[in-house]
Amino acid sequence: MPLIEVTDLRKRYGTRVAVDGVSFTVERGEIFGILGTNGAGKTTTVECLQGLRQADGGTISVLGLNPETDRAALTRRVGVQLQESRLPAKLRVREALELFASFYPEPADIDVLLDQLDLREHARSAFGKLSGGQKQRVSIALALVGRPELAILDELTTGLDPHARRETWRLVEGVRATGVTVLLVTHFMDEAERLCDRVAIFDAGRVVATGTPAELRAAAGESTLDDAFVSLTRSAR
Ligand SMILES: Nc1ncnc2c1ncn2[C@@H]1O[C@H](COP(=O)(O)OP(=O)(O)OP(=O)(O)O)[C@@H](O)[C@H]1O
């Protein structure tokens, strides 16, 4: 059984259709990318997967659970990357990890996590004093502290320099190597190409293509995922 199965998902806000019949599956152990044009319905879809929004139609199964009715059980098994602004500036890195660990029945060992994310030397630093890359690593650590089976990472490397982006990619590969399935929402084609086993391309509330980055390049007859993305989303308009 797929780890995530979304079938004909529909969601509107008033008269605006945000998600218009989206279907895709994510297998256990994959890094699966959700790519899309602005306003394509990516965030709405991911919020429905977490049980944060109620769908108007279709079905969703995450880890065999229904996010709308089993949200509490799901929350214990899914790690979500927080946007950095949601953490108080004075909170120290270790304190933040300890606080989040207290929400879970069997949290990760915080020292192991600090080492894994190269944060040991910043354990006593206030969150507000960290660099962008360090903050990003903390937000990934917080997503992993509950030892999730699925990690949802949104805008993983936005605002990071090329070195920090590559470091973050290596971290995500390391996370997957420990058996965690990763759902990655990104605008960066190089990131998707480098990290994702498969991607779904969203455009105007629909999935216009699903496959490995190589399959999508071949289907669009393009040599880069960037060009394939432009071609696939333009032809859907
Ligand atoms: N709370 C809301 N109320 C009304 N309309 C909304 C709301 N949230 C999103 N929308 C609209 O629904 C559509 C899909 O938005 P969504 O945020 O899911 O797209 P997205 O793919 O995540 O976009 P982006 O890449 O720009 O972040 C957009 O037209 C957006 O304006």
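Per an unreviewed UniProt entry, the protein chain carries the name ABC transporter ATP-binding protein and comes from Amycolatopsis vastitatis. Comment text from UniProt for the protein chain, heading Subcellular location (unreviewed entry), reads "Cell membrane".

1. What about the packing of aromatic side chains?
One pass over the structure, following the stated rule, counts three aromatic pairs. Their ring planes at 70 degrees and their centres at 6.2 Å tell us that phenylalanine 24 and phenylalanine 202 sit as a pair that is edge-to-face. Residue phenylalanine 24 is located in strand β2 (residues 16–26), and its partner phenylalanine 202 is located in strand β8 (residues 198–203); the two are separated by 178 residues in the primary sequence. Taken together, Phe24, Phe32 and Phe202 form an aromatic cluster joined through their ring pairs. Against the face of phenylalanine 127 rests lysine 135, its NZ or CZ located 5.7 Å from the ring centre. Just above the ring of phenylalanine 188 sits the side chain of arginine 165; from NZ or CZ to the centre is 4.5 Å.

2. Structural notes on the nonpolar core
Leu35, Leu97, Leu113, Leu117, Val138, Leu153 and Leu156 are the most contacted members of the largest nonpolar core, which has 49 residues in total. Contact partners of leucine 156, with chain neighbours within four places excluded, come to Gln81, Gln136, Ile140, Thr168, Trp169, Val172, Leu184, Val185, Glu191 and Leu195. Judged by nonpolar contacts, the second largest core, of 28 residues, contains Ile34, Ala55, Ile60 and Leu183.

3. A few points about helix α1 (residues 42–49)
Given 3.6 residues per helical turn, the α-helix brings residues three or four places apart onto the same face. With six of eight residues buried, α1 lies mostly within the body of the structure. If you check which residues of α1 are buried, you get Lys42, Thr44, Thr45, Val46, Cys48 and Leu49.

4. Notes on the sheet that holds strand β3 (residues 31–36)
With mixed pairing, the six strands of this open sheet are ordered in space as β5-β6-β7-β3-β8-β9. Bordering the open sheet on either side are β5 (78–80) and β9 (206–211), each of which pairs with just one other strand. Ignoring which end each strand starts from, the neighbouring axes of this sheet average 15 degrees apart. By the bridge criterion, five bridges tie β8 to β9 in an arrangement that is antiparallel. Looking across to β9, one finds that alanine 200 is bridged to threonine 210. Relative to the sheet, helix α8 (residues 213–220) contacts β8 and β9, its axis offset from that of β9 by approximately 110 degrees.

5. Digging into the layout of surface pockets
Each pocket or cavity is described by its volume, and for the largest pocket that value is around 550 Å³. Forming the boundary of the largest pocket are 22 residues, of which Gln50, Leu52, Val80, Leu82 and Arg86 lie nearest the centre. Secondary structure elements with two or more residues in the lining of the largest pocket: α1, α2 (71–77), β5, α5 (132–144) and β6 (150–154). Of the residues that constitute the lining of the largest pocket, the class distribution is twelve nonpolar, six polar and four charged. Approximately 180 Å³ is the volume attributed to the second largest pocket. Ranked by residue count, the leading element in the lining of the second largest pocket is helix α4 (residues 110–116), at three residues. Of the residues belonging to the lining of the second largest pocket, the class tally is seven nonpolar, two polar and two charged.

What counts, and at which threshold
- Residues numbered from 1 in each chain as written.
- Predicted model: local features only at pLDDT ≥ 70, side-chain atom pairs only at ≥ 80, totals over all residues.
- Heavy atoms only, no water.
- UniProt positions renumbered as here; feature names shortened; annotations may be inferred.
- Phe/Tyr/Trp six-rings, centres within 6.5 Å; stacked < 30°, edge-to-face > 60°.
- Helix = DSSP H or I, 4+ residues; strand = E, 2+ residues; numbered from the N terminus.
- Lys NZ or Arg CZ within 6 Å of the ring centre and 35° of its normal.
- Core = buried A, V, L, I, M, F, W, Y, C linked by side-chain atoms within 4.5 Å.
- Buried < 20%, exposed > 50% of the residue type's maximum accessible area, 1.4 Å probe, protein only.
- Contact = heavy atoms within 4.5 Å.
- Pairing = 2+ DSSP bridges.
- Axes fitted to C-alpha atoms, helices over the stretch in contact; angles between N-to-C directions.
- 1 Å grid on protein atoms, 1.4 Å probe; cavity = no way out; pocket = protein on both sides within 12 Å on 5 of 7 lines; lining within 4 Å.
- Points joined across faces, edges and corners; volume = space filled by probe spheres on them.
- Nonpolar A, V, L, I, M, F, W, Y, C, P; charged D, E, K, R; others polar.

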